[in-house]
Structure formats: structure tokens, C-alpha cells
Amino acid sequence: MGMAASQARFLTLTARKSNVEYEGQQVNQERTSLANESAGLFNKMMALQVPTPPSATDFYNTRYTFDASGLDYSITTSTPRTDGRYDITMAYKVIEDTAKAYATYGTMNFDGNVPSSIDIKNDNYPITILTRNADGDYVDENGKVDTNVKTVAKVAGEDLTTEANKVFYKYKMSNDNTSNATTYYVSGTNMNALIKGAAGAQSYDISNTFSNGLSAFYITDQTVQKTVNATGSFTETTSEGRFEELRIDEVDSEDEEVQKALVGKFFELSLTQVQDDEGYAEAMKDYEYQKMLYERTINDINAQTEIIQQQDRTLELRLKQLDTEQNALNTELEAVKKVIETNVEATFKTFA
């Protein structure tokens, strides 16, 4: 390689080395920017408020309460009127019977006559026949009234005035054949349909009789919270301003039992800590919403962090490639330098 060629090659390698160094600086600057961005995401995650579920013990209100006909009433609001009385809203809980539909899963064995037993899981369950009397009540063979029939019929949508429903059937069933059995009721209408569908069959699947698979109903009870609006006055007050006695003048309710228990009567008031179920339920809803936002934010931060890490790995790989190229350029530059030194030495020796 001649002197001119060596010099040209040396300049080319030097320029390329400068470009590699500049590109490496750019890569490092990008990695620094990614590191700052990652640190910002981490600080954002650390600053997040972790949602905590509400405690039921924090949701209690101090309310005036009183007893009327065995029910506990609590005054939720009391708004003064211009006539000196108050518009009052009261909450109370009652236990109500309710009927639930039961999808029969077994078979009823009979030959077209009213069955004397129901065969479910190969166990016989005697049927009690309830007949409607002149008072409209349903009684068994001993004349004992079964008040549950009317509750069942109301929920089930059964018309008790029909000829078929002059008779209701009930039976008890327990999965373990113990005394803790559930009482089921079958209307006369349903029984007639069962008999008609099973006529001539030794064994008939009840679920095939009705499109919804429901043929029997059973009674259970549940606690229901109700509210009632009233108008009354606080007839006695302590020196500290606490109400001690309430007289109720009017009640906005069609329930005769409530009317009878409240209207025109005086009640001694007590201050009681009452759990705020509605407030607790609202707090739980807000907690679930805040929890959803927190988890979504964390997921977003993790996703962005993963993208940054992938970009950083790409830049790190590029930096390693530049480092390899830089080493190769240094090696070649050293070789060209030696060639140039040899050419210079030879040239000067010639002229000397």
C-alpha cells in the first residue's frame, strides 16, 4: 500500500471510528432517557394509594329506637314541620315467609289415580291431602289448618278459586332421611297435570310435565328490612336536648298491623348504635371500584415497564455491536499506522 493510499485509509478509519463513538454516545443517551422513564414509572407506582376494604365496625349510626308490638323501630330521619310536629322515617325488620320453586328431580309412581306416596331416589314419602273448607282455609284430615298453602299459592301464581285447587298436596323430603326434612307443596292443578301425563305409565318423570321443570314449592323465611313514613311529635326532651318520648299521629302505610302498632301511641326512646348497612354497602362498592382502578394502573405500569426493558435490551445489543466494531477499527488503525510508519521510514531513508 502506497503512502497516499495509506493516508486515505487512515482518514477513512478515523472518520468511521468517530461515527461509531458518536453513535455509541447516542445509544447511551437513549438508555439514560429510558432509565429516567422507568424510574418515573416506579415512583408513580410507589405513590399509588393501596385501597383498603371498609371495616363493618366503622359503619354505625347513633339512632333513636323504640319497641312496638315486638318489632324494633329505628328513626333514620326526622324533619321539623311548621306545626311543631316532625316528618319521621323509620326502619324496621320483619321475618316473612316466602315460597321458592323446586325443580323436582325424581319420579312419581302411580297409575292414573291420586298417589299415596312419592317415590324419589327409591324412598317413599307419604302425601298429606289438604282440602279447602268453607272458610277458604286448607285443612288436613284432622281439621288442622295449613296457613302455608296461601303463601305458596301467591308466590307460585296459583288461583285458589279454581275447582282443581280445592285440594293441595304436601310431602316432606330429606336427602338423609332425617327429621330435618323440607315440606313441599303440589297444587291440585299441577297434580292433575302429573296424573294426566303419567296415565298408563308405571313411572313418570315430573320434569317432562312442565316446560320450566317446576312442579312443587316449599316455604322458607327471610329477614326483610322495611321503612315507613310517619308524622308525630317528640313529647318529652331532656335538658341536654335529647328526645325521650315519641307520639305518632299518622303513618303512611297500608299495613294494618303497622297502623295498629304505631298510630296514636307513645313510645319511650333509646339511643342505640345501629349498623349502617347501606353505608357499608356503598363503601364496599367504592372499595371495589378503587381496587379495580389500582389494579388497572399497576397493570399499565408493568406493561410500560416491560416495553422500556425491551427497548433497553435492544439498545444494549446495539451498543455491544458498536463496541465490537470499535475494537475492529482500532485494530485496523494500528495496522495502517504501522504501514504509514514503514512508508515514511523508507521514504526518508531513500532521500537521505
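Residues numbered from 1 in each chain as written. Predicted model: local features only at pLDDT ≥ 70, side-chain atom pairs only at ≥ 80, totals over all residues. Heavy atoms only, no water.

S.K.: Is there a simple way to think about the nonpolar core in this case?
M.R.: A general tendency of soluble globular proteins is for nonpolar side chains to be buried together. Formed by 21 residues in total, the largest nonpolar core has its most connected members in Phe66, Tyr73, Ile75, Met90, Ile248 and Leu262. Residues within four places of Ile248 in sequence aside, it is in contact with Phe66, Met90, Ala230, Thr231, Gly232, Leu262, Val263, Gly264, Lys265 and Phe267. Counting residues in each nonpolar core, the second largest holds 13 residues, with Leu34, Ile301, Leu322 and Leu333 among its members. (Core = buried A, V, L, I, M, F, W, Y, C linked by side-chain atoms within 4.5 Å. Buried < 20%, exposed > 50% of the residue type's maximum accessible area, 1.4 Å probe, protein only. Contact = heavy atoms within 4.5 Å.)

S.K.: Sorry if this is basic, but what is going on with the pairing of strand 1 (residues 60-68) here?
M.R.: The side chains of a regular strand alternate, first on one face of the sheet and then on the other. By the bridge criterion, 6 bridges tie strand 1 to strand 15 (residues 270-275) in an arrangement that is antiparallel. The partner of Thr65 across the bridge, within strand 15, is Ser270. Here strand 1 pairs with strand 2 (residues 71-80) via 4 bridges, running antiparallel. Within the sheet, the bridge partner assigned to Phe66 lies in strand 2 and is Tyr73. In textbook terms, the turn of a hairpin is the stretch between consecutive antiparallel strands, and for strand 1 and strand 2 this stretch comprises 2 residues, one of which, Ser69, has a positive phi near 55°. (Pairing = 2+ DSSP bridges. Helix = DSSP H or I, 4+ residues; strand = E, 2+ residues; numbered from the N terminus.)

S.K.: Before we go on, may I ask you to explain the packing of aromatic side chains in this structure?
M.R.: By convention here, two paired aromatic rings are described through the distance between centres and the angle between planes. Inspection of the entire model under this criterion finds 10 aromatic pairs. With a centroid separation of 5.8 Å and 75° between ring planes, the pair formed by Phe59 and Tyr280 is classed as edge-to-face. Of the two residues, Phe59 sits in the loop between helix 1 (3-46) and strand 1 while Tyr280 sits in helix 5 (residues 277-351), which places them 221 residues apart along the sequence. Residues Tyr138 and Phe168 carry aromatic rings whose centres are separated by 5.5 Å and whose planes lie at 75° to one another, so their mutual orientation is edge-to-face. With Tyr138 in strand 8 (residues 138-139) and Phe168 in strand 9 (residues 167-173), this residue pair connects regions lying 30 residues apart in the sequence. In this pair, the class of Tyr138 matches that of Phe168, namely buried. Every member of this aromatic cluster is reached through a ring pair, and the members are Tyr64, Tyr86, Phe234 and Phe243. (Phe/Tyr/Trp six-rings, centres within 6.5 Å; stacked < 30°, edge-to-face > 60°.)

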